[in-house]
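# Structural characterization, general
Each chain is listed here by its residues.
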Amino acid sequence: DLALQKKDTAAAQDLRAKVLLHYETSVALHCPLAAKKLGKLYSEGKHVTQDYHRAYEYLEQAVEGGQKDVHFLLGQMHEQGQGMPVTYAEAAYHYRLAALEGNKEAALRLADFYIDGKKLPRDLDRAIYWLIQLIQRGEVQWVSRLGDLYIQNENYELALSLFAKQAESSQRDPRGTANQ
C-alpha cells in the first residue's frame, strides 16, 4: 500500500504481479470467484493487458464453478465480438441464463433482440415474456412498451386491459398487471 501511495511504479508492478499470481493459483485450485475476478480484469484491461480470449476462458471457468452472474458478461462478449466473432445466438443463450437468475439488463437485451429481429428472428411472444419478467421485478417503465407489443401482436384486449389498469392505478405502479 505504501508503495502505491508513493507512486512507486516498480513496487506497484511487483504487488500487482503477486496478486495475479495468487488469483491464478486460486483458479488452478478451482476457485470460481478467482476465475471471475481474473476474467473481469482481462476483459476490462485493468492492471493487466486486455485479453478477451483469456478473459473468456476465466469467465467460463467461473460459470462452471457456479458463478452464474457471469453469464451476462459472456453474453456481452458474444454480442460485441470481444475475443470471438459476433454470435448473437450465443449472446442470447448467456443473456437468457442471466435473466433467469434475475439480471434485469439481460432480460431487456433479450426483449430488444426479439423485437428488432436483426440479431435473432423477430419473436414478439418472447419479447413480451421478457418484458413481463421485467415488470414483475418492478421495472414498471416497460409497461407502455409491453402494451405496444400487445398491439403489434394484435392482442388488443390485453393492451386495453394493461393500459386501463395503468390509468386506474393511483400510484402509477402497474406491477403484476402485465401477466393478466
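Quick summary incoming for the structure in this document. (Residues numbered from 1 in each chain as written. Predicted model: local features only at pLDDT ≥ 70, side-chain atom pairs only at ≥ 80, totals over all residues. Heavy atoms only, no water.)

### What about the environment of Thr87?
Relative to the elements of secondary structure, Thr87 occurs in the loop between α5 (71-80) and α6 (88-100). In this structure the C-alpha to C-alpha distance between Thr87 and Lys119, which are 32 residues apart in sequence, comes to 8.8 Å. (Helix = DSSP H or I, 4+ residues; strand = E, 2+ residues; numbered from the N terminus.)

### Re the side chain of Ser43
Structurally, Ser43 can be placed in helix α3 (residues 32-44). Apart from the residues lying within four places of it in its own chain, the contact partners of Ser43 are Gln50, Tyr52 and Ala55. (Contact = heavy atoms within 4.5 Å.)

### Brief notes about the nonpolar core
The biggest cluster of nonpolar side chains holds 30 residues, and the ones touching the most others in it are Tyr95, Leu110, Trp130, Leu131, Leu146, Leu149 and Tyr150. Taken together, the elements giving at least two residues each to this core come down to α6, α7 (104-116), α8 (124-136), α9 (143-152) and α10 (156-168). In this structure, Tyr95 is in contact with Phe72, Gly75, Gln76, Glu79, Ala106, Arg109, Leu110 and Phe113, ignoring residues within four places of it in sequence. Counting residues in hydrophobic clusters, the runner-up holds 18 residues, among them Leu20, Val48, Tyr56 and Leu74. (Core = buried A, V, L, I, M, F, W, Y, C linked by side-chain atoms within 4.5 Å. Buried < 20%, exposed > 50% of the residue type's maximum accessible area, 1.4 Å probe, protein only.)

### Some details on unusual backbone geometry
Despite not being glycine, His47 shows a phi value in the positive range, around 65°. By secondary structure assignment, the location of His47 is in the loop between α3 and α4 (52-64). Overall, the relative accessible area of 57% leaves His47 in the exposed class. Non-glycine residue Glu154 carries a positive phi angle of around 60°. When you line up the elements, Glu154 lands in the loop between α9 and α10. Note on Glu154: relative accessible area 60%, which makes it exposed.

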